[in-house]
Amino acid sequence: MYTQNQSTVTEFILLGLSSDPFIQVLLFNIFLVAYMFTLTGNFLLILAVKTDKRLHNSMYVFLSSLSLLDICCVSAIVPKMLVNFLSSKKSISFTGCAVQFCAVLTLGQTQCLLLAFMAYDRYVAICIPLHYNMIMNTTVSFCIVSISWLTGCVISSFDTYFTFNLTFCGPNTINHFFCELPLLLRLSCSGISVMNIIKLIFLPLMLFIPLSLILFSYIRIIIAVMTIRLGRSKAFSTCIPHLVVVVMFYGSAMFMYVRPEHLVSGDTDKNTDTDKRVAVFYTVITPMLNPLIYSLRNKDVQKAIRQLIRAKKDCS
């Protein structure tokens, strides 16, 4: 994937969220609870979809895949963060940084595509309901999920290859809690024209293409719903959880990767602190909230989860 011998750097130092020992212990406990809550909530959602036959349709196939993405995302970042909270040397190896970088990009791009296909699924369900089972059957759903994962893997592999074939000759300190693309580019001491193209053109494009499909789907949904009198609120209610997740994910992603450079002030430390807070939101908080958002207004999911918990209690 990359040639480490081009660089003198063999590891990176992650400064994390704070240098205060007391705050680090406090953050360790907070993020540990958040991590466990995220794993529990998303695993419950996956098991509920798998065990309840009423949930064996495309919408819930996408939802369980999104839960799997959330589990993978927090697992790629939070365990290392927790270790560094309690470590005197907050380092990550060159190889470990590359693996984490590739994993985060893969999961992020896959989620972009998956959210777009989920919007299209809602469009078909609301605007072409009579053909829904034919267009969005289970086979098509699994193919879409596979395409999303494959595309995410391919794109992130190219980004990882180009990034970690740059020369890193020092310094090796990253003012963040995981290996983030913009900060890695700042540490490189080689020409980064290719990576600048990826950063300024390729990454925004990979956000805007799925976002365009989402906007198209919801424009058509709004037009269709406004023409009917009965069932309007029910049609909109099925879209609200997805819209909330889209706003949270795309809002934070576009802030991190698409904002114009002239909007960024000259205070690098202040900007980095803001970036870290936004990164906590989309890498830790959003995966934790997603199961709640999707189950809060969904009676079928709530019933499946209650049955799953009841069955677990009966077995014990």
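Going by an unreviewed UniProt entry, the protein carries the name G-protein coupled receptors family 1 profile domain-containing protein and comes from Staurois parvus. Under the heading Subcellular location (unreviewed entry), UniProt records this for the protein: "Cell membrane".

Engineer: So what's going on with the UniProt feature "transmembrane region" (unreviewed entry) in the protein? Residues and values would help.
Structural biologist: The feature "transmembrane region" (unreviewed entry), as given by UniProt, occupies residues 22-47, 59-78, 98-120, 132-158, 201-223, 235-258 and 278-296 in the numbering adopted here. Across residues 59-78, helical content stands at 100% and strand content at 0%; the span's end C-alpha atoms are separated by 28 Å. For residues 132-158, the helix share is 93%, the strand share is 0%, and the end-to-end C-alpha distance is 36 Å.

Engineer: Explain the pattern of salt bridges to me, and be specific about the residues and the numbers.
Structural biologist: A side chain of one charge can pair with a side chain of the opposite charge when the charged atoms of the two come close. Under the criterion given, the structure shown has three salt bridges. Among the salt bridges present, the one from K89 reaches E11, with a minimum N-O distance of 2.9 Å. Separated by 78 residues along the polypeptide, K89 in the loop between α2 (58-85) and β2 (91-93) and E11 in strand β1 (residues 11-14) bring together distant segments of the chain. According to the relative accessible area criterion, E11 is partly exposed, its value standing at 23%. A salt bridge links D52 to R54, with the shortest nitrogen-to-oxygen separation between them at 2.7 Å.

Engineer: Describe the nonpolar core, naming the residues involved and giving the relevant values.
Structural biologist: Ranked by internal contacts, the top residues of the largest apolar core, which has 44 residues, are L115, I214 and Y250. Where this core is concerned, the elements lending two or more residues are α1 (21-51), α2, α3 (94-127), α5 (138-164), α7 (193-226), α9 (240-257), α10 (268-296) and α11 (299-315). If one sorts the elements of this core by residue count, α3 sits on top with 10 residues. For Y250, the contacting residues outside a window of four places in its chain are C112, L115, L207, P210, L211 and I214.

Engineer: Describe in detail the environment of F37, supporting the description with residues and values.
Structural biologist: Relative to the assigned elements, F37 resides in helix α1. Residues F37 and L289, spaced 252 residues apart in sequence, show a C-alpha to C-alpha distance of 9.4 Å. Among all residues touching F37, those that are not within four sequence positions of it are M288 and L292.

Engineer: So what about the sheet that holds strand β3 (residues 173-174)? Which residues, and what values?
Structural biologist: As summarised here, the arrangement of the three strands in space is β2-β1-β3, forming an open sheet in which the pairing is mixed. Strands with a single pairing partner mark the edges of an open sheet, and in this sheet they are β2 and β3. Here β1 runs beside β3; their pairing, made up of two bridges, is parallel. By the bridge assignment for β3, I13 is matched with T173. The sheet contacts of α3 involve β1 and β2, and relative to β2 the element is tilted by about 85 degrees.

Parameters and conventions
Sequence order as written defines residue numbering, which begins from 1 separately in each chain. Note on the predicted model: pLDDT of at least 70 is required for a residue's local features to be given, and 80 or more for side-chain atom pairs to be given and counted; whole-chain, interface and lining totals, by contrast, use all residues. Derived side-chain values reflect all non-hydrogen atoms in the structure, with water molecules and hydrogen atoms excluded from consideration. UniProt positions are given in the numbering used here, feature names are shortened, and annotations may be inferred rather than shown by experiment. Helix and strand definitions follow DSSP, with helices as H or I runs of at least four residues and strands as E runs of at least two, each counted in order from the N terminus. Between Lys or Arg on one side and Asp or Glu on the other, a salt bridge is scored when a side-chain nitrogen of the former is within 4 Å of a carboxyl oxygen of the latter. Each residue gets one of three labels from its accessible area relative to the maximum for its type: buried under 20%, exposed over 50%, partly exposed in between, using a 1.4 Å probe on protein chains only. Take the buried Ala, Val, Leu, Ile, Met, Phe, Trp, Tyr and Cys residues and link them wherever side-chain atoms come within 4.5 Å; each set so joined is a nonpolar core. Should any heavy atoms of two residues lie within 4.5 Å, those residues are counted as being in contact. Should DSSP find at least two bridges between two strands, the strands are regarded as paired. Note on geometry: axes are C-alpha line fits, over the in-contact stretch for helices, and angles between N-to-C directions span 0 to 180 degrees.

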